[in-house]
Amino acid sequence: MPAKCQISGEDLHLNDLAAIPFFRAAQDALTNAPRHATAMQVAVTLSADDHDCHLRIHDDGVGLPKEWKLRPDAFGLRGVLERIAQLGGNLFIKGKPGDGVTIAAKVPLSRITVPG
Ligand SMILES: Nc1ncnc2c1ncn2[C@@H]1O[C@H](COP(=O)(O)OP(=O)(O)O)[C@@H](O)[C@H]1O
Ligand SMILES: [Mg+2]
């Protein structure tokens with residue numbers, strides 16, 4: 001399955017706190033895409049605005065059912081959500097039926113950048 005990776009903001013100096021949560025988010029989303037989505041393509045984007053760092057993983061697969069919720073017995077995305085929350089961030093999980101899934105983490109830069 002082709003994966004496209006786009007990283008903008010080369011001058012972004014993330015500290016060690018960001019490494020594992022971001023790695024886990026990408027790892028889980030990239031595992032979910034072939035496992036659950038029947039996706040043809042997945043795109044990973046890392047970018048930043050004035051306040052936040054954004055990690056987004058989007059696939060073009062089957063999407064999520066209308067009433068989808070994180071199941072208590074599925075620890076993949078729940079684990080990702082908890083790690084991002086520990087950094088003061090939010091995890092958004094979006095996907096309509098037939099419209100692919102987007103996992104978007106938004107984390108305050110103040111928590112995860114090397115000062116100076
Ligand atoms: N990219 C995706 N496309 C379609 N469904 C997904 C996708 N990612 C997750 N899901 C649905 O959400 C559920 C929870 O995902 P996750 O927390 O990663 O648990 P697991 O992968 O262990 O089932 C999956 O079982 C699947 O039903
Ligand atoms: Mg999973």
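Residues numbered from 1 in each chain as written. Chains lettered and ligands numbered in written order. Predicted model: local features only at pLDDT ≥ 70, side-chain atom pairs only at ≥ 80, totals over all residues. Heavy atoms only, no water.

Caption draft 1: Seen up close, the sheet that holds strand S3 (residues 52-59). Taken together, the five strands give an open sheet; going across it, the order is S1-S2-S3-S5-S4, and neighbouring strands pair in mixed fashion. Each end of this open sheet is capped by a strand with a single partner; those strands are strand S1 (3-7) and strand S4 (90-94). Recorded for the sheet is a direction-independent mean angle of 10 degrees between the axes of neighbouring strands. Pairing geometry for strand S2 (residues 42-48) and S3, over seven bridges, is antiparallel. For Ser 47, the partnering residue across the bridge sits in S3 and is His 54. (Pairing = 2+ DSSP bridges. Helix = DSSP H or I, 4+ residues; strand = E, 2+ residues; numbered from the N terminus. Axes fitted to C-alpha atoms, helices over the stretch in contact; angles between N-to-C directions.)

Caption draft 2: Quick look at the environment of Val 62. Following the sequence through the fold, Val 62 ends up in the loop between S3 and helix H2 (75-86). Placed 57 residues apart in sequence, Val 62 and Cys 5 show a C-alpha to C-alpha distance of 21 Å.

Caption draft 3: How the structure looks around the site of ligand 1. Close to ligand 1 lie 14 residues; Asp 28, Asn 32, His 36, Asp 59 and Leu 77 are nearest. One of the side-chain N or O atoms of Asp 59 is found 2.8 Å from a nitrogen atom in ligand 1. Contacts to ligand 1 include Trp 68, whose side-chain N or O atom sits 3.2 Å from an oxygen atom. Listing elements by their share of the shell around ligand 1, those giving two or more residues are helix H1 (16-37) and H2. For the shell around ligand 1, the element with the most residues is H1, which contributes five residues. (Near = heavy atom within 4 Å. Polar contact = N/O pair within 3.5 Å; in protein donor to acceptor, adjacent residues only side chain to side chain.)

Caption draft 4: Structural view of H2. End to end, H2 covers 16 Å across twelve residues, agreeing with the expected 16 Å (1.5 Å per residue, within 8%). Taken as a whole, H2 has its buried residues at Leu 77, Val 80 and Ile 84. Looking straight down H2, one finds that the buried residues subtend no more than 55 degrees of arc, so they occupy a single side. Projecting away from the buried face of H2 at angles above 90 degrees are the exposed residues Phe 75 and Gln 86. Along its buried surface, H2 packs onto H1, S4 and strand S5 (102-108). (Expected span 1.5 Å × (residues − 1). Buried < 20%, exposed > 50% of the residue type's maximum accessible area, 1.4 Å probe, protein only. Arc of directions from axis to C-beta. Contact = heavy atoms within 4.5 Å.)

Caption draft 5: Broad picture of the pattern of salt bridges. Following the criterion strictly, the structure yields one salt bridge and no others. Of the charged contacts in the structure, one is a salt bridge between Asp 73 and Arg 71, with a shortest N-O distance of 2.9 Å. (Salt bridge = Lys/Arg side-chain N within 4 Å of Asp/Glu carboxyl O.)

Caption draft 6: Highlighting the nonpolar core. Counting residues in hydrophobic clusters, the biggest one holds 22 residues, and the most contacted among them are Phe 22, Leu 55, Ile 84 and Ile 112. Elements with a contribution of two residues or more to this core: H1, S2, S3, H2, S5 and helix H3 (109-112). It is H1 that contributes the most residues to this core, four residues altogether. With residues up to four places along the chain from it excluded, the contact list for Phe 22 reads Leu 14, Leu 46, Cys 53, Leu 55, Ile 84, Val 107 and Ile 112. (Core = buried A, V, L, I, M, F, W, Y, C linked by side-chain atoms within 4.5 Å.)

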